[in-house]
Amino acid sequence: MLKLLRPAMTRILTPLGRALVRRGIGPNAVTAIGTVGTVVSALFFFPQGLLQVGTLVITVFVLFDLLDGVVARLGGGGGSTWGAFLDSTLDRVADAAIFGGLLLYFAARGDLLLTAVTLFAVVAGGLVSYAKARAESLGLTCDVGLAERPERLVVGLVAAFFSFVPYILALGMWLLAAASAVTVVQRVVHVHRQTREP
């Protein structure tokens, strides 16, 4: 579903992308700004319990993940192998900050269970990304799974924004942890099947 929304979001962001290109701002700079903004926002707002404000600010910076691609396609420079590597690496940094901020939120409130669940979600999310990267480095495909990065971000941020509704945040973290674990298994099975083919 989220992949279907990407073209529409790209069209919306294209005018801003053109403006950035005209000012000589390349996609790598956009990627870095988005990551720094996400990290600072997540680690500042979430541990303080400012989940709604934090989510809104983070969402703005997360859109930079789409904007850097728009800038690259419009000729902003930096749309290269290095740019792709930088984008993927900084995505992991941003994800760690978002869910790390939520982990600190639960820890500050003494909620050990949800702290543990969120930590599991962080680790499982890292494994989801690692499994794909490692498979592709071996010449295999691994673009499968229930909860890829966009889905994990949506679940985490929506749950954080609606945390004022009883049990929504807890449900979101449990769902995220379970979906991430399922995705890891799906990717391991997918790669295993490919290696068994004649």
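Just so it is clear, the structure is predicted and the values come from calculations on it, not from any experiment.

Enquirer: Help me out: how do you make sense of helix 8 (residues 168–196) in this one?
Expert: The α-helix winds at 3.6 residues per turn, so residues separated by three or four positions along the chain end up facing the same way. Over its 29 residues, helix 8 runs 42 Å from end to end, which matches the ideal 42 Å to within 8%, given 1.5 Å per residue. Of the residues making up helix 8, those classed as buried are L169, G172, M173, L176, A177, A179, S180, T183, V184, R187, V191 and Q194.

Enquirer: What am I meant to see in the packing of helix 6 (residues 112–137) against helix 8 here?
Expert: For any two helices packed against each other, the geometry is given by the interaxial angle and the distance between the axes. Interaxial distance between helix 6 and helix 8 falls to 8 Å at its minimum, and their mutual angle equals 25°. Considering their axes alone, helix 6 and helix 8 lie roughly parallel with respect to each other. Considering only the axes of helix 6 and helix 8, their crossing is left-handed. Of the residues belonging to the contact of helix 6 with helix 8, the class tally is 18 nonpolar, 5 polar and 2 charged.

Enquirer: Mind showing me how you'd approach the nonpolar core here?
Expert: Note that soluble globular proteins tend to have their nonpolar side chains buried in a common cluster. Counting residues in hydrophobic clusters, the biggest one holds 21 residues, and the most contacted among them are F46, I98, L102, F106, L169 and M173. Counting residues per element, the ones that place at least two in this core are helix 3 (51–62), helix 5 (81–108), helix 6, helix 7 (149–161) and helix 8. Here this core takes 6 residues from helix 5, the largest share from any one element. Membership of the second largest hydrophobic core comes to 7 residues, among which are L20, L66, V70 and V71.

Enquirer: Where do I start with helix 2 (residues 27–45) in this structure?
Expert: The terminal C-alpha atoms of helix 2, which comprises 19 residues, lie 27 Å apart, in line with the 27 Å expected from a rise of 1.5 Å per residue. Among the residues making up helix 2, those that are buried are P27, V30, T31, G34, T35, G37, T38, S41, A42 and F45. Relative to the axis of helix 2, the buried residues are bounded by an arc of 165° and lie together on one face. Opposite the buried face of helix 2, at more than 90 degrees from it, the exposed residues are V36 and V40.

Enquirer: So what exactly am I meant to see when it comes to the side chain of S41 here?
Expert: Relative to the helices and strands, S41 resides in helix 2. When sequence neighbours within four positions are dropped, the list of residues in contact with S41 reads F46, V57, I58 and F61.

Thresholds, definitions, all that
- Residues numbered from 1 in each chain as written.
- Predicted model: local features only at pLDDT ≥ 70, side-chain atom pairs only at ≥ 80, totals over all residues.
- Heavy atoms only, no water.
- Helix = DSSP H or I, 4+ residues; strand = E, 2+ residues; numbered from the N terminus.
- Expected span 1.5 Å × (residues − 1).
- Buried < 20%, exposed > 50% of the residue type's maximum accessible area, 1.4 Å probe, protein only.
- Axes fitted to C-alpha atoms, helices over the stretch in contact; angles between N-to-C directions.
- Parallel < 35°, antiparallel > 145°, perpendicular 65-115°, else oblique.
- Left-handed = near helix turned anticlockwise from the far one by under 90°.
- Nonpolar A, V, L, I, M, F, W, Y, C, P; charged D, E, K, R; others polar.
- Core = buried A, V, L, I, M, F, W, Y, C linked by side-chain atoms within 4.5 Å.
- Arc of directions from axis to C-beta.
- Contact = heavy atoms within 4.5 Å.

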